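Analysis of the macromolecular model
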Amino acid sequence: MIINSRFFNRSELMGFIALAAVLFVILPLTLDVFRLNLVAKYLTYAFVAIGLVLCWGYGGILSLGQGVFFGLGGYCMAMFLKLEASSVENTKIQSTPGIPDFMDWNQITALPFFWQPFHSLTFTILAIILVPGLFALIIGTAMFKRRVGGTYFAIITQAVAAILTILIVGQQGYTGGINGMTDLRTLKGWDIRPDHAKIILYFVEVVLLFACIGIAQFIRLTKLGRILVAMREQEDRVRFSGYSVANFKIFAFCMAAIFAAIGGAMFALNVGFMSPSFVGIVPSIEMVIYTAVGGRMSIFGAIWGAILVNFAKTSLSESFPQLWLFGLGALFIAVVLAFPNGLSGLWADYVQPRIDRLFASRRAKAGWADNSVADGAPAE
Amino acid sequence: MFGDYSIGDLGSIFVMQGFAGLILFSVYVLMALGLAIIFGQMGVINMAHGEFMILGAYVTWMTSNLFQAYLPSLFSGYFFLAMILAFLASGALGMLVEWVLIRHLYKRPLDTLLATWGLSLMLQQAYRSVFGAREVGVELPQWMLGSLRVTDSIEVPINGVFVMCLTVLITIAVAYVLYMSRWGRQVRAVVQNRIMAGAVGINTEKVDRYTFGLGCGIAGVAGSAFTMIGSTGPTSGQLYIVDTFLVVVFGGAASLLGTIASAFSISQTQSTLEFFMSGSMAKVLTLLAVVGILMLRPQGLFALKVRK
């Protein structure tokens, strides 16, 4: 078994340093709290994008239901925050004090049983990981054990996203309906709304993001990551070599689901609400698009894709609401037709060689390596 | 939920809701027929299929407005012309899209999904710019409005029966073209093995283009039928795309008969459940049932036996 002796190769190390510098130093120093909070919102999609790189880029499993897991994670977090915000003192004016306001509006008089455990933060954090993970395990087992894959899997995950959205919107009394869960205030008594809290939450999120990058990079470099790639290229040969293809696929899908759920939970904390408009088909496909634009084969590329596409979305839809959808649509078509490996592919094809050449020529000038001239020597 | 009704009532409810579901069934069948050709036969995941349908609906709306303004005496017959125009408009757009976009992507089916999603966003924005964001409704001619009274408690809407008959005719025509005609044989040869079909002298590019155009054209006709059950807006098509894909997958992607059977069972289940519970729960239960059955039987109801 060959494992790279280094965790990152040189270009990945540069990507890591660049991303860390931008997220930890440059953005917090240059942006005001409002914009920083927007970046925090974009970064929640970066979690989903990391999961999709593992699952789609490496494993070849296109899931159009990542919004489901993003939503499950987000709703778990939002349920905890909502319960804390609807303490008996805060909800004195309701006909039943102590339950969330939307339940009161829908004539529900007691807290439903599945809301009860969300009084505990420990349970909530476990639920953020376990609920989407188990859900993905069930879907994955049912599909991959029966060798359903490719387009069929994509369509069925999409149907699951549709079902969950309709369910959340329909069961207004239990979920807050189309408005979602709004007016989230405190986390264990700590107010999440003022500016200094937003900054702390931003840094917590960035640290979590780098933890996820580390996990994804680790998976990618072990034998597991290699099997994922092999499976994408020649599924039958991997199966005939004695590997259980289904189990590897289920694992990749569950990891992607858990990453998405962490992103969703951070979304609820940073943005202060959660609604079904982040669960359904359209947001799920948009998440795939961020990954595709950034580069489905590159963890860092996908993160940049999530940040840049969302940034473009905010700024373009503010100034040219008419043009935005045209631009977005054209972007997808261009990505698919012209550069299927996304921004990171463009970087690797056009920018990276120049940087390498720059380093190489400097080294040659310094007399480190005489034979490097041979590389560029004229053929005649 | 059944306890409050007598058996006779239940019978009437099922029949009434069944006929009420006929138009939904027709829209599903026509949408799914087009998609069964594009997705089931050609393997292209056309996420813009709903937008092709909505183009047909807008064409129908424009035709009805034109008839009202200039040919009020012929208004009762506008629907026939509207359907033909809808077929031609959506089919022409489909052929254009195939030429510009799809033909580069036959080897990458998952990427067609992303590209056609981009296309659907652009089409939605185009509809919004041209027709406005407000939903438009079509006025039906007088003879389609009433209902046939079968027994005391059962009434059948005329437009439902009419659309249903048209759907049956179109389905038979498509089946004839695909399975009996020389062109249909070429289509099936191309989708089974593009390289071999080209080697024996079939112009595969031309066949691909017309096949895609035919699928989109049928979606346009579905749009004409759609104007009878809902108002047309720029994003109306998106609501149907998941259902349609489920219909096609549920029926077994390559089988026309399966597509019809699954469209029938899905639309009737939904329509019947809607009487007993809220529309959203009916939809959730229907979709859950379909996803559940697909997990047990991934190849769909009617699967062709093929060797991979």
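Quick caveat: nothing in here was measured; it's all calculated off a predicted structure. (Residues numbered from 1 in each chain as written. Chains lettered and ligands numbered in written order. Predicted model: local features only at pLDDT ≥ 70, side-chain atom pairs only at ≥ 80, totals over all residues.)

1. Structural notes on the overall build of chain A
Rules: Strands are runs of DSSP state E lasting at least 2 residues, helices are runs of H or I lasting at least 4, and numbering of each runs from the N terminus. Based on C-alpha atoms, the radius of gyration is set beside the globule rule, defined as 2.2 Å times the residue count to the power 0.38. The contact rule is simple: place each C-beta atom from the backbone, and if two of them lie within 7 Å, those residues are in contact.
Each helix and strand counted, chain A has 16 helices and two strands in total. Since a compact globule built from 380 residues should have a radius of gyration of about 21 Å, the 23 Å found for chain A is in line with a globular shape. Its C-alpha atoms put chain A at 90 × 55 × 45 Å along the principal axes. At a minimum sequence separation of 6, the contacts of chain A that also span at least 24 residues come to 77%.

2. A word on the overall build of chain B
To be explicit about the condition: Any residue surrounded by 20 or more other C-beta atoms within 10 Å of its C-beta is treated as buried, while 12 or fewer makes it exposed and the intermediate range makes it partly exposed; C-beta atoms here are placed from the backbone.
Within chain B one finds eleven helices and two strands. In chain B, the succession of α and β elements from N to C terminus is α-α-α-α-β-β-α-α-α-α-α-α-α. For 308 residues, the compact-globule estimate of 2.2 N^0.38 gives 19 Å, and chain B sits close to it at 20 Å. When the backbone C-alpha atoms are referred to their principal axes, chain B occupies close to 65 × 55 × 35 Å. Within chain B, buried positions represent 48% of all 308 residues.

3. Overview of unusual backbone geometry
Residues and elements named next belong to chain A. Backbone geometry at Gln107 places phi at a positive 60 degrees, although glycine is not the residue there. Looking at the secondary structure, you find Gln107 in the loop between α4 (101–105) and α5 (121–144). Exposure remark for Gln107: the 9 C-beta atoms within 10 Å place this residue in the exposed category. One non-glycine residue, Asp183, lies in positive phi territory at about 60 degrees.

4. Focus on the environment of Val100 of chain B
Note that Val100 of chain B resides in helix α3 (residues 78–100). As a C-alpha pair, Val100 of chain B and Leu66 of chain B span 34 residues in sequence and 32 Å in three-dimensional space.

5. A short note on the confidence of the model for chain B
All names here are of chain B. Going by this rule: Residue-level confidence of the predictor is what pLDDT reports, using numbers from 0 through 100.
Scored by pLDDT, chain B has a mean of 82; 92% of the residues are at 70 or more. Confidence, expressed as mean pLDDT per element, reaches its minimum in chain B at strand β1 (residues 147–149) with 69 and its maximum at α3 with 90. Confidence estimates for the predicted assembly give a pTM of 0.85 and an ipTM of 0.81.

6. Observations concerning the interface of chain B and chain A
If you look at the interface, chain B gives 32 residues, while chain A gives 36 residues. Among the elements of the structure, α4 (109–131), α9 (238–251) and α11 (279–296) of chain B are those that each provide at least two residues to the side of chain B that touches chain A. Here the side of chain B that touches chain A takes 14 residues from α4 of chain B, the largest share from any one element.

7. Some points on the environment of Leu36 of chain A
All names here are of chain A. Tracing the sequence through the fold places Leu36 in helix α2 (residues 33–58). What makes Leu36 buried here is the crowd of 21 C-beta atoms within 10 Å. Excluding anything up to four places from it in sequence, Leu36 contacts Leu27, Pro28, Leu31, Lys198, Ile199 and Tyr202.

8. Observations concerning the nonpolar core
Residues and elements named next belong to chain A. Counted only if it meets this: Put simply, a nonpolar core is buried Ala, Val, Leu, Ile, Met, Phe, Trp, Tyr and Cys residues tied into one set by C-beta atoms within 7 Å.
Grouped together as the largest cluster of nonpolar side chains are 193 residues, with contacts concentrated most on Ala49, Ile50 and Ile303. Looking at which element gives the most residues to this core, the answer is helix α11 (residues 245–271), with 19 residues. Those residues in contact with Ile50 that sit more than four places away from it in its chain are Cys212, Ile213, Ala216, Phe259, Ile299, Ala302 and Ile303.

9. Considerations on the packing of helix α3 (residues 66–85) of chain A against helix α6 (residues 150–170) of chain A
Residue and element names in this part refer to chain A. Selection rule: The axes are straight lines fitted to the C-alpha atoms, using for helices just the contacting stretch, and the angles between their N-to-C directions are given from 0 to 180°. Residues are grouped as follows: Ala, Val, Leu, Ile, Met, Phe, Trp, Tyr, Cys and Pro are nonpolar; Asp, Glu, Lys and Arg are charged; all remaining types, including Gly, are polar.
Contact pair α3 / α6: the axes reach a minimum separation of 8 Å and the direction vectors enclose 40 degrees. Facing Gly67, Val68 and Gly71 of α3, the residues of α6 in contact are Val160, Ala161 and Leu164. Per-class residue counts for the contact of α3 with α6 are four nonpolar, two polar and no charged.

10. Examining the packing of α2 of chain A against α11 of chain A
When two helices pack together, their arrangement is given by the angle between their axes and by how far apart the axes lie. All names here are of chain A. Put simply, the rule reads: Geometric relationships in this document are graded by angle, where less than 35 degrees denotes roughly parallel, more than 145 denotes roughly antiparallel, 65 to 115 denotes roughly perpendicular, and other angles denote oblique.
At a closest axis distance of 7 Å, the pairing of α2 and α11 adopts a crossing angle of 175 degrees. Taken together, α2 and α11 sit at an angle that is classed as roughly antiparallel. The residue makeup of the contact of α2 with α11, split by class, is 19 nonpolar, five polar and one charged.

11. Details of helix α8 (residues 195–221) of chain A
Residues and elements named next belong to chain A. Using the following cut-off: In this analysis, the expected span of each helix is defined as 1.5 Å times one less than the number of residues it contains.
The terminal C-alpha atoms of α8, which comprises 27 residues, lie 39 Å apart, in line with the 39 Å expected from a rise of 1.5 Å per residue. Three or more residues of α8 are buried, namely Tyr202, Glu205, Val206, Leu209, Cys212, Ile213 and Ala216. Its buried side turned inward, α8 meets α1 (10–30), α2, α11 and α13 (299–319).

12. Re the environment of Phe302 of chain B
Residue and element names in this part refer to chain B. Along the chain, Phe302 turns up in the segment after α11. For Phe302, a count of 18 C-beta atoms within 10 Å gives the class partly exposed. Between the C-alpha atoms of Phe302 and Leu55, which are 247 residues apart in sequence, the distance is 31 Å. In contact with Phe302, not counting residues within four places along its chain, are Gly251, Gly252, Ser255, Leu257, Gly258 and Ala261.

13. Here's the deal with the confidence of the model for chain A
Residue and element names in this part refer to chain A. Of the residues in chain A, 94% have a pLDDT of 70 or more, and the chain-wide mean is 84. Of all the helices and strands in chain A, helix α16 (residues 372–375) carries the lowest mean pLDDT, 42, while α11 carries the highest, 93. pLDDT under 50 marks residues 369–380. Its contacts with residues more than four places away, or in other chains, come to six contacts.

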